[in-house]
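A structural walkthrough
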Amino acid sequence: MSVFVSGVDGFICKHIVQDLLEQKYNVIGTVRSEAIRDHILKQFGNNPNLILEIVEDISVPNAFDAAIKKHAKEIKYVLHTASPFFFDPKDYVKDLLHPAVQGTKDILEAIKKYAAEYVERVVITSSYAAVMNFDREKDNTNVVNEGSWNPDTWEGCQQNGMRVYCASKAFAEKAAWEFLKENRHAVKFKMSTVNPVFVFGPQQFDEDVRPKLNTSCEIINSLIHRDPAAPFDSNEIYDSFVDVRDVAKAHLIAFQKEETIGQRLIMYNCKFASQDIIDVLNEDFPQLKGKVPVGKPHTGALDHPLKGVVIDNSKTKKLLGFEFIGLKESVHDTAAQVLRHEGKL
Ligand code: NDP
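Residues numbered from 1 in each chain as written. Predicted model: local features only at pLDDT ≥ 70, side-chain atom pairs only at ≥ 80, totals over all residues. Heavy atoms only, no water.

The next thing to look at is the overall build of the protein chain. Looking only at helices and strands, one finds ten helices and twelve strands in the protein chain. Against the globule reference of 20 Å for 345 residues, the protein chain gives a C-alpha radius of gyration of 20 Å, in line with a compact fold. Projected onto its principal axes, the C-alpha coordinates of the protein chain cover approximately 60 × 45 × 40 Å. Going through the 345 residues of the protein chain one by one, you find that 55% of them count as buried. Only carbon and sulfur atoms are counted for the fraction: they give 51% of the accessible area of the protein chain, which is about 15200 Å². Mean positive and mean negative side-chain charge positions of the protein chain (42 and 48 charges, respectively) differ by 3 Å. (Helix = DSSP H or I, 4+ residues; strand = E, 2+ residues; numbered from the N terminus. Rg over C-alpha atoms; globule rule 2.2 N^0.38 Å. Buried < 20%, exposed > 50% of the residue type's maximum accessible area, 1.4 Å probe, protein only. Areas by Shrake-Rupley, 256 points an atom, 1.4 Å probe, with all protein chains shown as cover. Lys, Arg positive; Asp, Glu negative; His and termini not counted. Charge placed at Lys NZ, Arg CZ, Asp CG, Glu CD.)

If you want it as structure tokens, here you go:
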């Protein structure tokens, strides 16, 4: 029996695939091109338990049909991770909203059409973006938990790329739960979602370090390469963090445990400010001395009381039952990999 995983070329997804292979699952993944397929198969050492199919664009109707149909009888679990994650779309609907929602509906429709009797569990990689209220992120009287929803509307969210991305995740997740409600007699699978805040941590493979990293790790990468003379505000980013290795682990537990059925798992460890990242860079890597800003050491989120929204994910932590990796370790590992790749470590 296999796990079908969309978006294998993604930052988070490669960690998921690694974990699945380590736990001896057969994996059927999707990637966007043959070149990417060949590259990734090589990265995973041509593991015979990994098969990759091409799904070029999840925003095209019936994109998943061929891959799901081909493997229908083998698929017991489906993890849908593919979705556009960037904040600078040219077209809000075409680049973010449509692919996020269409891709989610499409993979579920394909299961219904071809694998309804085989698929038992589905995990959707949603986001904290589907949980948050964009207008109340700085409000420390705002407490959110696994029952909270991003209230933005399709039209209302279209103010800036970040807000649209967040709403795209909310619409996609809502579409998934609605699909399940409407099709409860047509499919047998149970569903869970994984809803991470900003995800840091090393790429699964050192060679995946590029001049520009995936959207969340680029927050750290851009600070590593920041001109120390340029203006730096300790709080220029003040947000929430979790490590990629924990997010990957959660995707497996999301389909392995009975208790996670129907649950939204908020993957959140702690708040971070740009200053916290800069502090790790200055304290852990002498080769960066004088090459990155110093800011105001230890005035970040780690050393100061919580600001803004309170994220209560105690239910998730209890369900998962493991300790989350800390911010300092995650930033250290992310930066060390970048520096190693650049020959500076
Ligand atoms: P990546 O950008 O690394 O991965 C996204 C993957 O989805 C890529 O493989 C990408 O392919 C693929 N994809 C995007 N659009 C399409 C499309 N139209 N057709 C086919 N494939 C597509 O990001 P992450 O690994 O960080 O994100 C993975 C998931 O986790 C996403 O659903 C994201 O929303 C969610 N998430 C991420 C967080 C984070 O901080 N990293 C936080 C919360 C949620 P390509 O690169 O070729 O376009």
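Our next topic: empty space enclosed by the protein. The probe, sized like a water molecule, is rolled over the atoms to show the empty space still left. All told, the structure shown has one cavity of 30 Å³ or more when counted by the stated rule. When its volume is computed, the largest cavity comes out at roughly 40 Å³. If you trace the largest cavity, you find it lined by H80, T81, A82, S83, A100, T104, I124, T125, K169 and A172. Counting only elements with at least two residues in the lining of the largest cavity, the list comes to α4 (92-114), β5 (121-125) and α5 (161-182). A breakdown of the residues in the lining of the largest cavity according to their chemical character gives four nonpolar, five polar and one charged. (1 Å grid on protein atoms, 1.4 Å probe; cavity = no way out; pocket = protein on both sides within 12 Å on 5 of 7 lines; lining within 4 Å. Points joined across faces, edges and corners; volume = space filled by probe spheres on them. Nonpolar A, V, L, I, M, F, W, Y, C, P; charged D, E, K, R; others polar.)

Moving on, we get to helix α8 (residues 274-284). Taken across its eleven residues, α8 has eight buried, putting it largely inside the fold. The set of residues buried in α8 consists of S274, Q275, D276, I277, I278, D279, V280 and L281.

Around the ligand lies a shell of 24 residues, among which R32, I58, Y165, K169 and V199 are the nearest. For the ligand, a nitrogen atom lies 2.9 Å from a polar atom in the backbone of I58. One of the side-chain nitrogen or oxygen atoms of K169 is found 2.7 Å away from an oxygen atom of the ligand. Coverage of the ligand by the protein amounts to 86% of the 870 Å² it exposes when considered alone. Elements with a minimum of two residues in the shell around the ligand: α1 (11-22), α5 and β8 (198-200). (Near = heavy atom within 4 Å. Polar contact = N/O pair within 3.5 Å; in protein donor to acceptor, adjacent residues only side chain to side chain.)

What follows deals with the nonpolar core. Core analysis: the largest hydrophobic core is formed by 84 residues, its most contacted members being L20, F200, F255, I277 and L281. When residues in this core are grouped by element, the largest group, eight residues, is from helix α7 (residues 244-256). When residues are assigned to domains, this core turns out to be shared by domain 1 (2-132 + 144-197 + 241-270) and domain 2 (206-239 + 271-341), each giving three or more. I68, L108, A115 and A116 belong to the second largest nonpolar core, which has 27 residues in total. (Core = buried A, V, L, I, M, F, W, Y, C linked by side-chain atoms within 4.5 Å. Domains from an automatic or database assignment.)

Turning to the sheet that holds strand β2 (residues 26-31), a few remarks are in order. The strand order across the open sheet built from seven strands is β3-β2-β1-β4-β5-β7-β10, with neighbouring strands paired in parallel fashion. In this open sheet, the two strands that pair with only one neighbour each are β3 (50-54) and β10 (264-267). Neighbouring strand axes in the sheet, compared pairwise and without regard to direction, differ in orientation by 20° on average. Bridge count between β5 and strand β7 (residues 190-196): five bridges; the pairing is parallel. Paired with V123 across the strands is S192, a residue of β7. Across the face of the sheet, α1 comes into contact with β1 (2-6), β2, β3 and β4 (75-80) while running at roughly 170° to β1. (Pairing = 2+ DSSP bridges. Axes fitted to C-alpha atoms, helices over the stretch in contact; angles between N-to-C directions. Contact = heavy atoms within 4.5 Å.)

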